[in-house]
Amino acid sequence: MKIAILALQGAFAEHEAALRKLGAETFLVRNKQDWAQEKDGLVIPGGESTAMTRIMRDEELWDPIRDEILGGLPVFGTCAGLIMLDKEHLSTMNITALRNAYGRQLGSFYTDDEFKGIGRVPMTFIRAPYIAEHGDGVEVLATVDGRVVAARQGAQLVTAFHPELNDDSRIHEYFLDIVSAKSI
Ligand code: GLN
């Protein structure tokens, strides 16, 4: 199983470590040549969605990435990665993210809560979004204080928090299960 990790900026190294620990092969994507490699899945990490948008466009990665996701490539977006998949950005998921949604005071916080099919998981939020609206085909996987913070649509998985920053690999495992189900 080979997972591409978008490494234009942000917290990509932590995803790399988490996925390798689970036995997946990974490679970093910084340009079109990297993207051209064979892959079974993609991770879009946290960072800054405005910067990520600009660099993706500059590197001409926007359309190729969007096309492969729409073609069924499994994708896991965390935080800014969630924002990248919403209707205002790549628009591969039927969700609208509200950016920096917790205000200045609560910009970053830690909690734990139920994740559908997994149980209680640690959740680290850093200037995080939440999913303000979601439509057909979107399954809500976790809420915190009534706000949707994790969801799935087919082979697309998003979390508003950062599972790669805690020593708990169950959400990465959940993503790899989606990837292997897809590649059978
Ligand atoms: N606030 C960032 C954005 O709007 C997301 C923060 C994060 O990915 N940790 O893109």
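Preceding block: the structure.
Here's a quick rundown of the structure. Every chain is numbered independently, its residues counted from 1 as its sequence is written. Predicted model: local features are reported for residues with pLDDT of at least 70 only, side-chain atom pairs are reported and counted for 80 or more only, and whole-chain, interface and lining totals are derived from all residues. With hydrogens and water excluded, all non-hydrogen atoms of the structure serve as input to the side-chain values.

## Considerations on the overall build of the protein chain
Numbering of helices and strands runs from the N terminus, with a helix taken as a DSSP run of H or I at least four residues long and a strand as a DSSP run of E at least two residues long. Looking only at helices and strands, the protein chain features six helices and 11 strands. Radius of gyration here is computed from C-alpha atoms only, and the compact-globule reference equals 2.2 Å multiplied by the residue count raised to the power 0.38. For 184 residues, the compact-globule estimate of 2.2 N^0.38 gives 16 Å, and the C-alpha radius of gyration of the protein chain, at 15 Å, lies within 12% of that figure. Contacts: residue pairs with any heavy atoms within 4.5 Å of one another. The contacts in the protein chain between residues at least 6 apart in sequence include a share of 64% that link residues at least 24 apart.

## Observations concerning the nonpolar core
The biggest cluster of nonpolar side chains holds 63 residues, and the ones touching the most others in it are L6, L42, F115, F125 and V149. With six residues, helix α6 (residues 170–183) is the single largest residue contributor to this core. V149 has contacts with Y102, M123, F125, Y130, A142, T143, V144, V158, T159, A160 and F161, leaving out every residue within four places of it along the chain. Here, the term nonpolar core denotes a set of buried Ala, Val, Leu, Ile, Met, Phe, Trp, Tyr and Cys residues that are joined through side-chain atoms within 4.5 Å. Partly exposed residues are those whose accessible area sits between 20% and 50% of the maximum for their type, while under 20% is buried and over 50% is exposed, using a 1.4 Å probe and protein chains only.

## Considering the site of the ligand
Proximity criterion: a residue is near a molecule or strand once any of its heavy atoms comes within 4 Å of it. All residues in the neighbourhood of the ligand are listed as G46, G47, E48, S49, C79, A80, I83, R99, N100, I126, R127 and H162. Whenever a nitrogen or oxygen atom comes within 3.5 Å of another N or O atom, the pair is scored as a polar contact, on the condition that within protein one atom can donate a hydrogen and the other can accept it, and that pairs from neighbouring residues in sequence are kept only if both atoms are in side chains. S49 is positioned with one of its backbone polar atoms (N or O) 2.6 Å from an oxygen atom of the ligand. A distance of 2.7 Å is found between a nitrogen atom of the ligand and a side-chain nitrogen or oxygen belonging to N100. In the complex, 98% of the free accessible area of the ligand, which totals 300 Å², lies under the protein chains. For this classification, Asp, Glu, Lys and Arg are treated as charged, while Ala, Val, Leu, Ile, Met, Phe, Trp, Tyr, Cys and Pro are nonpolar and the rest, including Gly, are polar. Of the residues that constitute the shell around the ligand, the class distribution is four nonpolar, five polar and three charged. Per-residue and other accessible areas were derived by the Shrake-Rupley procedure at a 1.4 Å probe size, with only the shown protein chains allowed to occlude residues.

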